[in-house]
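Structural overview for review
Given next are the chains, with one letter for each unit.
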2 protein chains.
Amino acid sequence: MHRFFVDTAPAERAFLAGEQARHIATVLRLQPGERIALVADGTEHEVELQAVAPAQVTGRVVARRRVTTELAFRLTLAFAVLKGDRSEEIVDAASQLGVSRLVPFTSERSVVRDLSPAKRERWSKVAREAAETSHRGVVPAIDALIAWPALLEGLDRPIVLWEEATEPRPMDALGAGDVTLVVGPEGGLTAEEVALARGRGATIASLGKRILRAETAAIASVAIVVGARDRR
Amino acid sequence: MHRFFVDTAPAERAFLAGEQARHIATVLRLQPGERIALVADGTEHEVELQAVAPAQVTGRVVARRRVTTELAFRLTLAFAVLKGDRSEEIVDAASQLGVSRLVPFTSERSVVRDLSPAKRERWSKVAREAAETSHRGVVPAIDALIAWPALLEGLDRPIVLWEEATEPRPMDALGAGDVTLVVGPEGGLTAEEVALARGRGATIASLGKRILRAETAAIASVAIVVGARDRR
């Protein structure tokens, strides 16, 4: 059953327009009588289609259920924006794996120092599609771009992965509640940036002795936390 | 210091030709007196360059040390070949993370059913470069393509990640020794294929309730095992 995120939960009847209607009518070519799932804020609304046209799709809600695929804790990933489409790989994989919030940042050794509205919009689309295909109940939020010192103000006891750290491993730095991971740019965070983070209460952790590319470090750290904490 | 894998450990003097010499002379533009590391079978040979030309680079070995970045266990990843360059993403990330051996396979729902010599050669290059930049001591081996039933014959008690399994998680399925992970194609392994694997002693495990794309599942499962077992 195809899944679509909607901003507002449908009541008894559902109406879709814009890109979603066009996609259902012209790409998926769904027919009246077929069912789709509309997901709003963690609840899945099963909808039987009644009329399908590229401009509008209508249907009636036949079932409602709470989505059970979300992690039991909030996982935030702060990552330095990377060149090319490598940030997009992070947004895609992290959204599949269950992150709640993505925070792009710049730091001293960042090569990419801005985030255009078009690129942020593109990331939102990638995050939404990843959340749809992975059967999630919510779409990860994507923050505006922020610089290193300001980033630290807004995060609750983050775990900063640093290639010059030798311990602890993220597995051993996890508390019981929400988790925030921070991964620097290609070239790494500077010792001064790491000292500033430590002074603000961050834990500095190591992903092991191998030197990972920034996007691999970001995806691996999310996977490790999900692997360790999502054991239901 | 730039790192290069070589097939044969240098004795007192080192000679490089071919692509490596060309790269050192014309891309990196290294000069006599500068140092590089030649890595062979887990040992790093620090070499001071003596003569640099695109056809041949020579130098003398000034130090030798055992590489300490390898995992203390052998980690094998068997993965269904995917469309486009998505298999290459797996080879790249898994090689950075520390896998010893990569085993591409086909199964019932595989769309890509062959692996050309050129593509396998390309993967070998990706694995070698990933191992170089991540400071590893060995390059992961890449097996020839194999079909599902034959795959199971050659693997020692594999853990098969299956999206229809609910437990155990890979963290809870790990023994004390070497680890083999198996990730199916987009569209998944069939129930019959999974039953066959179970009959051959495989553990069937779950990466959680979210449905991951095949390449994300492969990279995440490797990261989870490394995160759980590489705690020195």
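Definitions and limits used
Residues numbered from 1 in each chain as written. Chains lettered and ligands numbered in written order. Predicted model: local features only at pLDDT ≥ 70, side-chain atom pairs only at ≥ 80, totals over all residues. Heavy atoms only, no water. 1 Å grid on protein atoms, 1.4 Å probe; cavity = no way out; pocket = protein on both sides within 12 Å on 5 of 7 lines; lining within 4 Å. Points joined across faces, edges and corners; volume = space filled by probe spheres on them. Helix = DSSP H or I, 4+ residues; strand = E, 2+ residues; numbered from the N terminus. Nonpolar A, V, L, I, M, F, W, Y, C, P; charged D, E, K, R; others polar. Least-squares fit on C-alpha atoms with pLDDT ≥ 70 in both. Contact = heavy atoms within 4.5 Å. Salt bridge = Lys/Arg side-chain N within 4 Å of Asp/Glu carboxyl O. Buried < 20%, exposed > 50% of the residue type's maximum accessible area, 1.4 Å probe, protein only. Pairing = 2+ DSSP bridges. Axes fitted to C-alpha atoms, helices over the stretch in contact; angles between N-to-C directions. Buried area = accessible area lost by both parts, 1.4 Å probe. Core = buried A, V, L, I, M, F, W, Y, C linked by side-chain atoms within 4.5 Å. Expected span 1.5 Å × (residues − 1). Lys, Arg positive; Asp, Glu negative; His and termini not counted. Parallel < 35°, antiparallel > 145°, perpendicular 65-115°, else oblique. Right-handed = clockwise from strand over helix to strand, strands pointing away.

**Remarks on empty space enclosed by the protein**
Unfilled space is identified by rolling a water-sized probe across the atoms. Taken as a whole and assessed by the stated rule, the structure comprises three cavities of 30 Å³ or more. If you add up the space inside the largest cavity, you get close to 100 Å³. Secondary structure elements with two or more residues in the lining of the largest cavity: helix H7 (214-229) of chain A together with helix H2 (86-97) and helix H7 (214-229) of chain B. Partitioned by chemical class, the residues of the lining of the largest cavity number eight nonpolar, four polar and three charged.

**Brief notes about the relation of the copies chain A and chain B**
Structural alignment of chain A on chain B gives an RMSD of 0.0 Å, achieved by rotating through 180° and translating 0.0 Å along the axis. Such a combination of turn and shift is consistent with a two-fold rotation axis. Residue Ile224 of chain A of chain A places its C-alpha closer to the rotation axis than any other residue of that unit, at 2.3 Å. A share of 100% of interface residues in chain A that are also interface residues in chain B marks the association as one of identical surfaces.

**Overview of the pattern of salt bridges**
Per the counting criterion, the structure on display carries 40 salt bridges over all chains. One salt bridge connects Arg122 of chain B with Glu88 of chain B, and the closest N-O pair in it is separated by 3.2 Å. Remark: Glu88 of chain B occurs in helix H2 and Arg122 of chain B occurs in helix H3 (residues 117-133); sequence separation between them is 34 residues. In this structure Arg122 of chain B comes out as partly exposed when scored by relative accessible area, which is 36%. What you see here is one network of salt bridges that share partners, running through Arg3, Arg35, Glu44, Glu46, Glu48, Arg60 and Arg65 of chain A.

**Structural notes on the sheet that holds strand S1 (residues 3-5) of chain A**
All names here are of chain A. A sheet is described by the order of its strands in space; here five strands give the open sequence S1-S3-S4-S5-S2, paired in mixed fashion. Looking at which strands have only one partner, the edges of the open sheet turn out to be S1 and strand S2 (13-16). Along the sheet, successive strands turn relative to each other by an average axial angle of 40°, direction set aside. Direction of pairing for strand S3 (residues 35-40) relative to strand S4 (residues 43-52): antiparallel, over a ladder of six bridges. For Ala37, the partnering residue across the bridge sits in S4 and is Glu46. Against the sheet, helix H1 (residues 18-27) touches S1, S2, S3, S4 and strand S5 (57-66), its axis set at about 170° to S1.

**Some points on the sheet that holds strand S5 (residues 56-66) of chain B**
Residue and element names in this part refer to chain B. Spatially, five strands are ordered S1-S3-S4-S5-S2 in an open sheet, and the strand pairing comes out mixed. Each edge of the sheet is formed by a strand with only one pairing partner; in this case those strands are strand S1 (3-5) and strand S2 (13-17). Here the average twist between neighbouring strands, direction ignored, is 40°.

**Let's talk about the interface of chain A and chain B**
Reports often express the size of an interface as the amount of accessible area lost when the parts come together. If you look at the interface, chain A gives 34 residues, while chain B gives 34 residues. The contact between chain A and chain B buries some 2900 Å² in all, and 50% of this surface belongs to carbon and sulfur atoms. In terms of surface lost to chain B, no three residues of chain A exceed Gln96, Lys209 and Arg210 of chain A, which account for 23% of the buried area on that side. Counting every contact that joins chain A to chain B gives eight salt bridges. As a salt-bridge pair, Arg169 of chain B and Asp230 of chain A come within 3.0 Å of each other at their nearest N and O atoms. Contributing elements (two or more residues each) for the side of chain A that touches chain B: helix H2 (86-97), helix H5 (170-173) and H7 of chain A.

**As for the nonpolar core**
Within the largest apolar cluster, 83 residues are counted, with the highest numbers of intra-cluster contacts made by Leu75, Leu77 and Leu181 of chain A together with Leu75, Leu77 and Leu181 of chain B. If sequence neighbours within four positions are ignored, Leu181 of chain A has contacts with Leu75, Thr76, Leu77, Ala78, Ile159, Leu161, Ser221, Val222 and Val225 of chain A.

**With respect to H2 of chain A**
End to end, H2 of chain A covers 17 Å across twelve residues, agreeing with the expected 16 Å (1.5 Å per residue, within 8%). Counting buried positions over the twelve residues of H2 of chain A gives ten, a clear majority of the element. The elements touched by buried residues of H2 of chain A are strand S6 (75-80), strand S7 (101-106), helix H3 (117-133), strand S8 (141-142) and H7 of chain A together with H7 of chain B. Positive phi shows up at Gly98 of chain A, right after H2 of chain A, with a value of about 120°.

**Quick word on the side chain of Glu193 of chain B**
Residues and elements named next belong to chain B. Tracing the backbone shows Glu193 in helix H6 (residues 191-199). Of the side chains with opposite charge, Arg109 lies nearest to the buried Glu193, which makes no salt bridge, at 6.4 Å. The residues contacting Glu193, other than those within four sequence positions of it, are Ser107, Glu108 and Trp148.

**Regarding the packing of H2 of chain B against H7 of chain B**
All names here are of chain B. At a closest axis distance of 9 Å, the pairing of H2 and H7 adopts a crossing angle of 10°. The angle between the axes of H2 and H7 places the two elements in the roughly parallel class. Counted together, Arg86, Glu89, Ile90, Ala93 and Leu97 of H2 and Glu215, Ala218, Ile219, Val222, Ala223 and Val226 of H7 form the full contact between these two elements. When its residues are assigned to classes, the contact of H2 with H7 shows eight nonpolar, no polar and three charged.

**Some details on unusual backbone geometry**
Following Glu167 of chain A, the chain continues into Pro168 of chain A via a peptide bond in cis, with omega recorded as -5°. Mapped onto the secondary structure, Pro168 of chain A falls in the loop between strand S10 (159-161) and H5.

**Thoughts on the pairing of strand S7 (residues 101-106) of chain B**
All names here are of chain B. Within S7, five of the six residues are buried, which leaves the element mostly enclosed by the surrounding structure. In the sheet, strand S6 (residues 75-80) pairs with S7 via five bridges, with the strands oriented parallel. Within the sheet, the bridge partner assigned to Thr76 lies in S7 and is Arg101. Considered for its hand, the β-α-β crossover made up of S6, H2 and S7 is right-handed.

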